[in-house]
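Below, each chain spelled out in residue letters.
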Amino acid sequence: MPAEPHAAPHTHEPDEVPHTHPDPGVDPHAPLAAGARALRVGIGGPVGSGKTALVAALCRALGDELRLAVVTNDIYTTEDADFLLRNGVLPADRIRAVETGCCPHTAIRDDISANLDAVEDLEAALGPLDLVLVESGGDNLTATFSKGLIDRQIFVVDVAGGDKVPRKGGPGVTAADLLVINKIDLAPLVSADLTVMDRDARARRGELPTVFLSLVQDRAASPVADWIRGLVAARVPAA
Ligand SMILES: Nc1nc2c(ncn2[C@@H]2O[C@H](COP(=O)(O)OP(=O)(O)OP(=O)(O)O)[C@@H](O)[C@H]2O)c(=O)[nH]1
Ligand SMILES: [Mg+2]
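Residues numbered from 1 in each chain as written. Chains lettered and ligands numbered in written order. Predicted model: local features only at pLDDT ≥ 70, side-chain atom pairs only at ≥ 80, totals over all residues. Heavy atoms only, no water.

K.L.:
Sorry, what's going on with the site of ligand 1 here?
P.N.:
Lining the immediate environment of ligand 1, one finds 18 residues, of which Lys51, Thr52, Ala53, Asp185 and Leu215 sit closest. One nitrogen or oxygen atom from the side chain of Asp185 is found 2.8 Å from a nitrogen atom belonging to ligand 1. Here an oxygen atom of ligand 1 and a backbone polar atom of Leu215 are 2.7 Å apart. In isolation ligand 1 has 660 Å² of accessible area, and contact with the protein removes 69% of it. Here the shell around ligand 1 is built from residues that sort into six nonpolar, seven polar and five charged. (Near = heavy atom within 4 Å. Polar contact = N/O pair within 3.5 Å; in protein donor to acceptor, adjacent residues only side chain to side chain. Areas by Shrake-Rupley, 256 points an atom, 1.4 Å probe, with all protein chains shown as cover. Nonpolar A, V, L, I, M, F, W, Y, C, P; charged D, E, K, R; others polar.)

K.L.:
Quick question: what am I supposed to make of the coordination of the magnesium ion (ligand 2) here?
P.N.:
Each pair of donors in an ideal octahedron of six around a metal sits at 90 or 180 degrees, and each pair in an ideal tetrahedron of four sits at 109.5 degrees. For the magnesium ion (ligand 2), the full set of protein donor atoms is Thr52 (OG1), Asp80 (OD) and Glu135 (OE), at a range of 2.1 to 2.2 Å. As a motif over one chain, the donors of the magnesium ion (ligand 2) read T-x27-D-x54-E. Here Glu135 lies in strand β5 (residues 131–135) and Asp80 lies in helix α2 (residues 79–86), a separation of 55 residues in the sequence. Given the relative accessible area of 13%, Asp80 is considered buried. (Donors = N, O, S within 2.8 Å, 3.2 Å for Na, K, Ca; no water. Helix = DSSP H or I, 4+ residues; strand = E, 2+ residues; numbered from the N terminus. Buried < 20%, exposed > 50% of the residue type's maximum accessible area, 1.4 Å probe, protein only.)

K.L.:
How should the nonpolar core be read in this particular structure?
P.N.:
One recurring pattern in soluble globular proteins: nonpolar side chains tend to sit buried together. Among the nonpolar cores identified, the biggest contains 34 residues, and Leu54, Leu58, Leu62, Leu131, Leu133, Ile154 and Val224 are the most heavily contacted of them. Elements with a minimum of two residues in this core: β2 (39–44), α1 (51–62), β3 (68–74), α2, β5, β6 (152–158), β7 (178–182) and α8 (222–234). With eight residues, the top contributor of residues to this core is α1. Counting 15 residues, the second-largest nonpolar core is a separate cluster that includes Val71, Ile108, Val134 and Ile150. (Core = buried A, V, L, I, M, F, W, Y, C linked by side-chain atoms within 4.5 Å.)

K.L.:
Explain the side chain of Ser49 here, please?
P.N.:
With respect to the helices and strands, the residue Ser49 is situated in the loop between β2 and α1. Relative accessible area serves as the criterion here: at 0%, Ser49 is assigned to the buried category. A distance of 2.9 Å separates a polar side-chain atom of Ser49 from the backbone oxygen of Val156.

K.L.:
Please clarify how the pattern of salt bridges should be interpreted in this entry.
P.N.:
Here the idea is simple: oppositely charged side chains can pair when their charged atoms come close. Counted according to the given criterion, the structure contains nine salt bridges. One salt bridge in this structure joins Glu65 and Arg229, with 2.8 Å as the shortest N-O distance. Linking Glu65 in the loop between α1 and β3 with Arg229 in helix α8, this pair joins segments that are 164 residues apart in sequence. Residue classification places Glu65 among the partly exposed residues on the basis of a relative accessible area of 43%. Arg229 gets classed as partly exposed once you look at its relative accessible area, which sits at 29%. In this structure, the salt-bridge partner of Asp200 is Arg199, at a minimum N-O distance of 3.1 Å. It is possible to trace a salt-bridge network through shared partners that takes in Glu65, Asp226 and Arg229. (Salt bridge = Lys/Arg side-chain N within 4 Å of Asp/Glu carboxyl O.)

Structure follows, in structure tokens:
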């Protein structure tokens, strides 16, 4: 069931429809102010769903048109940052690796200081940026980013987890600003029915967008790159 909009302040009843609470004072649908700092987009999702492959694709697609930098999160390594470097999708000074040393969701939701430092370091070192992508370490369906760290969040699941994943919901699936269902090239191999995933994603997410993707077939992640272009274009001048 999609998160229901709710009035504030309000009280809770035991049998009420579930809903989410945005951070106080944050309107998740408000236009984003431009100029003061880069648009920050978080990319979360289960282990191995294709988050780093998506970051690499977005760097390829947007690197020439936007001033762009990336923060990666791994628990004990700098594996994802190393992958981006090896593949030459961004210069080394545009990539920061955060080693969380703890559950990935803690570093993107509860104690965001290491990630905020990394984002702010990049902006201080590189000058004004248009876009910073923050990749979470792989986690489960409940992982979401703090609105104090990012402006918009993408949640990446893949078909290999089974076509039941959108139906299982969880805040990542229901509330992310964009849901990416990745690895559709593998759907026939794992008997995943994309029409079921589409139907369940719509039921869980209401009007929020979902895209289907294969990063081996679309190396520029076209629908995701277009979604980000739209966000950047829609930013309003800082007050
Ligand atoms: N077949 C197929 N493989 C993919 C696709 N996207 C990513 N992969 C592969 O899936 C594996 C995991 O991709 P990653 O991008 O490392 O996944 P991740 O979500 O960043 O993983 P963690 O950061 O460890 O949680 C890699 O071997 C990718 O090459 C896709 O669309 N199709
Ligand atoms: Mg990764």
